[in-house]
Amino acid sequence: MEKDTKKYRKIIHIDMDAFFASVEQRDNPELRGKPIAVGGGGKRGVTTTASYEARKYGVGSAMPGYKVKELCPQIIFVPPRFDAYKEVSMQIRRIFARYTDIIEPLSFDEAFLDVTENKMQEAIATDLALRIKKEIREETQLTCSAGVSYCKFIAKIASDMNKPDGITVIKPSQAIIFLEQLPVKKFFGVGKVTARKMEAMGIFTGADLKKYSKIELAQNFGKSGSFYFDIVRGIDDRPVRAERIRRSLGIETTLNNDLEDQHEIVEVLDKIIDKFFARLQKADNYGRTITLKVKTSEFKTITRSRSEEYYLKDKNKIKEIAYQLLEQAMREFEAIRLIGLTASKLQSEEEEDGQISLF
Ligand code: TTP
Ligand code: MG
């Protein structure tokens, strides 16, 4: 008889415990063991999160300050320090990178890791998850919770089941029963509105959901219907998508007709600088190197670049450099048909390497 040879993936989902609040308690011993809320202190402020001590009173995320006070009069409101959270976020990503390159961060404090193949040649994903938890604790003095399974959907739900400082492993053979017993409101991807709609249809658990055909679910939930149909049967082949590190950011324009006139070229360059700068601002990502590229009417490509020691965030400075580069390039062409600007040595790239930019 043929053996079941299906090879399952090994996926870990890591999520920091009461993230912002834990960082505040770590950095200020006076806050330890106390109910605190990060944010929400101002007149109209809402909380970002609350310590576990505060959660006992029902305090949670996205709650207005007055409501928090009602629930827990002794609450301590702490203003958020995003730089500190970002630093931890980068620290944990560096820890993940010791194990695998297939890392998909979902936010500051959580990520999926595909460890089917991993840098430790370790076959047991649970052991890897425990090692990651230990390294995070040792290096950040913070705890996290882990979910381990063969797909993203179950790993994500699992990481939430034994918080704080927990680990939950759901093996492929346990998945069906796990999903049948699971309340639909815990399904990752089922929002509050959908959960209410499902409950109105008598769907409270995975087992209830299974009674509906794919067509019925599509009729009620549109495209998501077939997702629910598959997911409740443990079918989730979505890959863990590693974030691509951007090496450059830029724009270029092919001109309608070849340009010869210097003034016209500068006019086009001005427009490109505007767009280019807007792009950098939008990405909130700046580079230390600016490259100008032109394609001549003879289809020859010329590039000129200049690097600085600091991130080029000032539009006038960028303009000055672009003009200078154009001047250099102009010696080599009569007419151009394409012109563009690129920024490289980007901030985001260096942060991935673990350096924090000072400029
Ligand atoms: P979560 O992981 O959702 O929450 P948490 O880490 O505080 O608690 P848990 O132990 O249950 O995982 O979010 C991570 C951080 O994101 C959280 O510490 C604060 C921030 N956040 C907001 O700013 N607004 C929000 O509405 C939520 C949910 C989180
Ligand atoms: Mg969290």
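Here is a short report on the structure shown in this document. Sequence order sets the numbering: in each chain, residues are counted from 1 along the sequence as written. Chains carry letters from A onward and ligands carry numbers from 1 onward, assigned in written order. The predicted nature of this model means local features are confined to residues of pLDDT at least 70 and side-chain atom pairs, given and counted, to a pLDDT of 80 or more, with totals for whole chains, interfaces and linings taken over all residues. Computation of side-chain values covers all heavy atoms of the structure but excludes hydrogens and water.

**A closer look at the coordination of the magnesium ion (ligand 2)**
Inference 1: Here a donor is an N, O or S atom found within 2.8 Å of the metal, or within 3.2 Å if the metal is Na, K or Ca; sites may look incomplete because water is not among the atoms. At this site the magnesium ion (ligand 2) is bound by Asp15 (OD), Met16 (O) and Asp109 (OD), with donor distances of 2.0 to 2.2 Å.
Inference 2: In short, tetrahedral needs four donors with all angles between 85 and 135 degrees, square planar needs four and octahedral six donors with opposite donors over 155 degrees apart and all other angles between 65 and 115, and whatever is left is irregular. Coordination at the magnesium ion (ligand 2) comes from 6 donor atoms whose angles at the metal span 79 to 178°, giving a geometry best classed as octahedral.
Inference 3: When the donors of the magnesium ion (ligand 2) are listed by position in the chain, the intervening gaps give D-M-x92-D. Taken together, the positions of Asp15 in strand β1 (residues 11–16) and Asp109 in the loop between β5 (103–107) and β6 (110–114) put the pair 94 residues apart, joining distant regions of the chain.
Inference 4: On the accessibility criterion, Asp109 (12% relative accessible area) is buried. Under the scheme used here, helices are H or I runs from DSSP no shorter than 4 residues and strands are E runs no shorter than 2 residues, and both carry numbers assigned from the N terminus. Any residue under 20% of the maximum accessible area for its type is buried, any over 50% is exposed, and the rest in between are partly exposed; the area is computed with a 1.4 Å probe on protein chains only.

**Examining the packing of helix α10 (residues 214–221) against helix α11 (residues 224–231)**
When two helices pack together, you describe them by how their axes are tilted relative to each other and by the distance separating the axes.
Inference 1: An axis is simply a line fitted to the C-alpha atoms; with a helix, the fit covers only the stretch in contact. Between two such axes, the angle follows the N-to-C directions and lies from 0 to 180 degrees. In contact at an axis separation of 7 Å, α10 and α11 are set at 135° when each is read in the N-to-C sense. Relative to α11, the element α10 is oriented oblique. Crossing of α10 over α11 shows right-handed handedness. In this structure, α10 uses Lys214, Leu217, Ala218 and Phe221 to contact α11, whose residues at the interface are Ser224, Gly225, Ser226, Tyr228, Phe229 and Asp230.
Inference 2: Broken down by class, the residue content of the contact of α10 with α11 amounts to 5 nonpolar, 3 polar and 2 charged. When describing relative orientation, an angle under 35 degrees is termed roughly parallel and one over 145 degrees roughly antiparallel, while 65 to 115 degrees is termed roughly perpendicular and anything else oblique. Note on convention: near helix rotated counterclockwise from far helix by under a right angle means a left-handed crossing. Clockwise means right-handed. Pairs of residues are marked as contacts when any of their non-hydrogen atoms sit within 4.5 Å. Residues were grouped as follows: Ala, Val, Leu, Ile, Met, Phe, Trp, Tyr, Cys and Pro as nonpolar; Asp, Glu, Lys and Arg as charged; and all remaining residues, including Gly, as polar.

**Remarks on the pattern of salt bridges**
Inference 1: Counted as salt bridges are all cases of a side-chain nitrogen of Lys or Arg within 4 Å of a carboxyl oxygen of Asp or Glu. The tally for this structure, following the rule as stated, stands at 24 salt bridges.
Inference 2: One salt bridge connects Asp17 with Lys163, and the closest N-O pair in it is separated by 2.8 Å. Remark: Lys163 occurs in the loop between α6 (152–159) and β8 (167–169) and Asp17 occurs in the loop between β1 and α1 (19–27); sequence separation between them is 146 residues.
Inference 3: For Asp17, a relative accessible area of 2% corresponds to the buried category.
Inference 4: Residue Lys163 is classed as partly exposed on the basis of its relative accessible area of 23%.
Inference 5: Of the charged contacts, one joins Asp270 and Lys319 as a salt bridge, the two residues approaching to 3.9 Å between their closest N and O atoms.

**Section: the sheet that holds β1**
Inference 1: By the convention used here, strands pair only if DSSP detects at least 2 bridges between them. Sheet architecture is open: 5 strands sit in the order β5-β6-β1-β7-β8, paired in mixed fashion. Of all the strands in the sheet, just β5 and β8 have a single pairing partner and so form its edges. Pairwise comparison of adjacent strand axes, ignoring direction, gives a mean angle of 15° for this sheet.
Inference 2: As judged from the 5 bridges shared by β1 and β6, these two strands associate in the antiparallel manner. When the sheet's bridge partners are listed, Ile14 is paired in β6 with Ala111.

**Section: the packing of aromatic side chains**
Inference 1: Each Phe, Tyr or Trp ring, with Trp reduced to its six-membered ring, pairs with another whose centre is within 6.5 Å; inter-plane angles below 30 degrees give stacked pairs, above 60 give edge-to-face pairs, and intermediate values give tilted ones. Under the counting rule described, the total for this entry stands at 10 aromatic pairs.
Inference 2: The interplanar angle of 85° and the centroid separation of 5.9 Å between the aromatic rings of Phe20 and Phe82 together place this pair among those described as edge-to-face. Of the two residues, Phe20 is situated in helix α1 and Phe82 in helix α4 (residues 82–97); the sequence distance between them amounts to 62 residues.
Inference 3: Judged by its relative accessible area of 15%, Phe20 is buried.
Inference 4: Joined through ring pairs, the aromatic side chains of Phe153, Phe187, Phe221, Phe227 and Tyr228 make up one cluster.

**Remarks on the sheet that holds strand β10 (residues 287–296)**
Sheets are built from strands paired through backbone hydrogen bonds, the pairs being either parallel or antiparallel.
Inference 1: Spatially, 4 strands are ordered β9-β12-β10-β11 in an open sheet, and the strand pairing comes out antiparallel. Strands with a single pairing partner mark the edges of an open sheet, and in this sheet they are β9 (248–259) and β11 (301–307). Taking the axes of each pair of neighbouring strands and ignoring which way they run, one obtains an average angle of 15° across the sheet.
Inference 2: With 9 bridges joining them, β10 and strand β12 (residues 336–346) adopt antiparallel strand pairing. Bridged to Thr291 within β12 is Thr342.
Inference 3: Helix α12 (residues 262–283) rests against β9, β10 and β12 of the sheet, and its axis sits at about 155° to β9.
Inference 4: Docked against the sheet, helix α13 (residues 315–330) engages β10, β11 and β12, running at close to 140° with respect to β11.

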